[in-house]
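Residue-level structure breakdown
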Amino acid sequence: MKYRTLGKSGIEASVVGFGAWAIGGWMWGGTKRNDPEGAIRAAIDHGINLIDTAPMYGYGRSEELVGEALKGVRDEVVLATKCGMVWYKKEGEKFFDANEEGRAKSEEDKSYEVYINLRPAMIRYEIEESLRRLRTDHIDLYQTHWQDSTTKTEDVVAELMKLKQEGKIRAIGCSNATIDQMKRYQAVGQLDTDQEQYSMLQRQHEADNLPFCRDKNIAFLAYSPMALGILSGKIGPDHEFGEGDVRRDNPWYQKETRSKVDALLNVIRSVAEEKGITIAQTVIAWTLEQPGCSHALVGARNPDQAIANAKAGEVELTEEEIGTIRKAVDQTKL
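What comes next is a walk through the structure. Note that the structure is predicted; figures quoted are calculated from it, not measured.

Rules of the game
- Residues numbered from 1 in each chain as written.
- Predicted model: local features only at pLDDT ≥ 70, side-chain atom pairs only at ≥ 80, totals over all residues.
- Heavy atoms only, no water.
- Buried < 20%, exposed > 50% of the residue type's maximum accessible area, 1.4 Å probe, protein only.
- Helix = DSSP H or I, 4+ residues; strand = E, 2+ residues; numbered from the N terminus.
- Contact = heavy atoms within 4.5 Å.
- Phe/Tyr/Trp six-rings, centres within 6.5 Å; stacked < 30°, edge-to-face > 60°.
- Lys NZ or Arg CZ within 6 Å of the ring centre and 35° of its normal.
- Expected span 1.5 Å × (residues − 1).
- Arc of directions from axis to C-beta.
- Axes fitted to C-alpha atoms, helices over the stretch in contact; angles between N-to-C directions.
- Parallel < 35°, antiparallel > 145°, perpendicular 65-115°, else oblique.
- Nonpolar A, V, L, I, M, F, W, Y, C, P; charged D, E, K, R; others polar.
- Core = buried A, V, L, I, M, F, W, Y, C linked by side-chain atoms within 4.5 Å.
- Pairing = 2+ DSSP bridges.
- Right-handed = clockwise from strand over helix to strand, strands pointing away.

1. Observations concerning helix α2 (residues 61–69)
- Among all positions of α2, only Ser62, Glu63, Leu65, Val66, Gly67 and Ala69 are buried.
- Residues of α2 that are buried sit in contact with α1 (36–45), β4 (50–52), β5 (78–83) and α3 (120–134).

Next up, the structure:
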């Protein structure tokens with residue numbers, strides 16, 4: 001496993017991180033097929049030390065599962081969680097309606113109203129709740145989940161800096177942020193990471209956040225590098241996703257666009273077979289080779305998936321292989 005520093009924090013984190021969104025079930029069709037403890041323990045045993053979760057992943061359930069899985073091994077991991085998505089208080093910026101499965105499709109179907117809330121008092125409340133659920137006394141990397149238009153960024157960072165001074169957190173990160181917002185973070189305190197959606201099928205940050213993070217020594221954590229799983233090559237075109245599953249309405253999962261994805265996968269498969277690795281491992285390794293991308297957060301529901309993901313952190317792609325895949329990636333558009 002390769003390791004890279006999280007910005008200027010001095011914290012060494014595995015380039016492949018364990019993304020704990022799916023194990024919470026929310027937006028992923030439930031938890032029936034999950035073995036979260038087995039998956040997390042297997043990940044750690046095979047070199048993954050970066051574990052990323054959030055309160056919003058299952059309304060606290062993902063954090064609770066991570067906390068249970070880390071009993072006795074908490075000091076072996078770089079534990080990352082987030083703040084700012086609130087379903088229990090109508091304050092801040094209204095984001096969307098939700099239920100136990102995911103986003104609600106109608107007023108009658110909703111159980112919660114989700115707000116983006118980064119007010120200092122809410123951050124203070126959320127950190128204590130996360131510490132309780134995760135069964136720890138500090139968070140290694142604390143990230144703002146989304147950016148709150150109703151709260152000054154300077155006030156947000158000032159509160160995060162207080163938590164850092166108190167020893168409750170070790171490093172500060174943002175997620176779903178613009179370059180301008182990151183500059184505001186830097187004006188008040190030290191910003192170590194930026195977590196954004198990035199994959200072969202979602203490359204919107206290649207022109208902005210990626211080069212900015214590279215220039216400013218901010219670690220870039222790619223979430224959904226497998227494009228919610230479709231780049232694994234294991235999800236057939238006729239697969240049916242259950243109610244609430246985030247992939248159900250994703251444009252890349254529709255039958256009329258699958259031929260484009262399959263054409264890309266065929267190119268990746270040729271590289272993977274030549275190297276004796278899987279398509280998924282090739283995808284993760286390629287993502288980590290992109291300028292500015294320092295870490296990739298990949299989900300796993302069981303030990304086998306976690307072990308396979310960890311092996312991607314050892315893969316070395318040649319310049320020719322990277323270029324071959326890049327050409328196919330550039331040709332893949334909706």
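2. Let's talk about the packing of aromatic side chains
- The tally for this structure, following the rule as stated, stands at 8 aromatic pairs.
- Look at Tyr59 and Tyr112: their rings are 4.3 Å apart centre to centre, the planes differ by 35 degrees, and that puts the pair in the tilted class. With a gap of 53 residues between them, Tyr59 in the loop between β4 and α2 and Tyr112 in strand β8 (residues 112–116) connect regions that are remote in the sequence.
- Residue Tyr59 is classed as buried on the basis of its relative accessible area of 13%.
- Members of the aromatic cluster, joined through ring pairs, are Tyr59, Trp87, Tyr88, Tyr112 and Tyr125.
- If you follow Arg103 out to its NZ or CZ, it ends over the ring of Phe95, 5.6 Å from the centre.
- Above the ring of Phe96, the side-chain terminus of Arg103 is found at 4.0 Å from the ring centroid.

3. Notes on helix α10 (residues 319–330)
- For α10, which comprises 12 residues, the first-to-last C-alpha distance of 16 Å matches the rise-based estimate of 16 Å (1.5 Å per residue) to within 8%.
- Buried within α10 we find Glu321, Ile322, Ile325, Arg326, Ala328 and Val329. Projection of α10 onto a plane perpendicular to its axis shows the buried side chains occupying an angular sector of 165 degrees, all on one side. Among the exposed residues of α10, those oriented more than 90 degrees off its buried face are Glu319, Glu320 and Lys327.
- Residues of α10 that are buried in the fold lie against α7 (258–275) and α8 (279–288).

4. Brief notes about the packing of helix α5 (residues 179–188) against helix α6 (residues 209–216)
- Contact pair α5 / α6: the axes reach a minimum separation of 10 Å and the direction vectors enclose 25 degrees. Viewed along their axes, α5 and α6 adopt a mutual orientation that is roughly parallel. Every residue of α6 that contacts α5 at Ile179, Met182, Lys183 and Gln186 is listed here: Asn209, Phe212, Cys213 and Lys216.
- Across the contact of α5 with α6, the residue classes tally to 4 nonpolar, 2 polar and 2 charged.

5. A look at the packing of α2 against α3
- Two numbers describe how α2 lies on α3: the axes approach to 7 Å, and their chain directions differ by 45 degrees. What the angle tells us is that α2 and α3 run oblique. Contacts between α2 and α3 involve Glu63, Glu64, Val66 and Gly67 on the former and, on the latter, Ser130, Arg133 and Leu134.
- Class assignment for the residues of the contact of α2 with α3 results in 2 nonpolar, 2 polar and 3 charged.

6. Remarks on the environment of Leu221
- Residue position: Leu221 is located in strand β12 (residues 219–223).
- C-alpha of Leu221 to C-alpha of His295: the two residues are 74 residues apart in sequence and 4.8 Å apart in space.
- Apart from the residues within four sequence positions on either side, Leu221 is in contact with Leu6, Leu141, Gln143, Thr193, Asp194, Gln195, Glu196, His295 and Leu297.

7. Brief notes about unusual backbone geometry
- Even without a glycine there, the phi angle at Asn176 is positive, about 55 degrees.
- The phi torsion at Ser224 lies on the positive side, around 55 degrees, for a residue other than glycine.
- Here Ser224 lies in the loop between β12 and α7.
- On the accessibility criterion, Ser224 (13% relative accessible area) is buried.

8. Comments concerning the nonpolar core
- Membership of the largest hydrophobic core comes to 84 residues, with the highest contact counts inside it found for Phe18, Ile40, Val66, Tyr142, Met200 and Leu231.
- Per-element accounting of this core gives the leading share, 7 residues, to α8.
- When sequence neighbours within four positions are dropped, the list of residues in contact with Phe18 reads Ile23, Ala39, Ile40, Ala43, Ile48, Leu50, Ile51, Asp52, Val298 and Ala300.
- Core analysis: the next-biggest nonpolar cluster, separate from the first, contains 11 residues, Ala13, Val78, Ala80 and Leu141 among them.

9. Some points on the sheet that holds β12
- In spatial order, the strands read β3-β4-β5-β9-β10-β11-β12-β13; together these 8 strands close into a barrel with parallel pairing. With strand direction ignored, the average angle separating the axes of adjacent strands in the sheet is 30 degrees.
- Relative to strand β13 (residues 295–299), β12 runs parallel, the two sharing 3 bridges. Paired with Ala222 across the bridge in β13 is Ala296.

10. Let's talk about the pairing of strand β10 (residues 169–175)
- Of all the 7 residues making up β10, 6 are buried; the element is thus mostly covered by neighbouring parts of the structure.
- As paired elements, strand β9 (residues 139–144) and β10 share 5 bridges and run parallel to each other. Each residue of the ladder has a partner; that of Gln143, found in β10, is Gly173.
- In the classification by handedness, the crossover that spans β9, the intervening helix α4 (residues 153–165) and the parallel β10 is right-handed.
- Sheet topology note: the β10/strand β11 (residues 193–197) ladder contains 3 bridges and is parallel. Its bridge partner being in β11, Gly173 is matched across the sheet by Thr193.
- The β-α-β motif built from β10, the intervening α5 and the parallel element β11 has right-handed crossover chirality.

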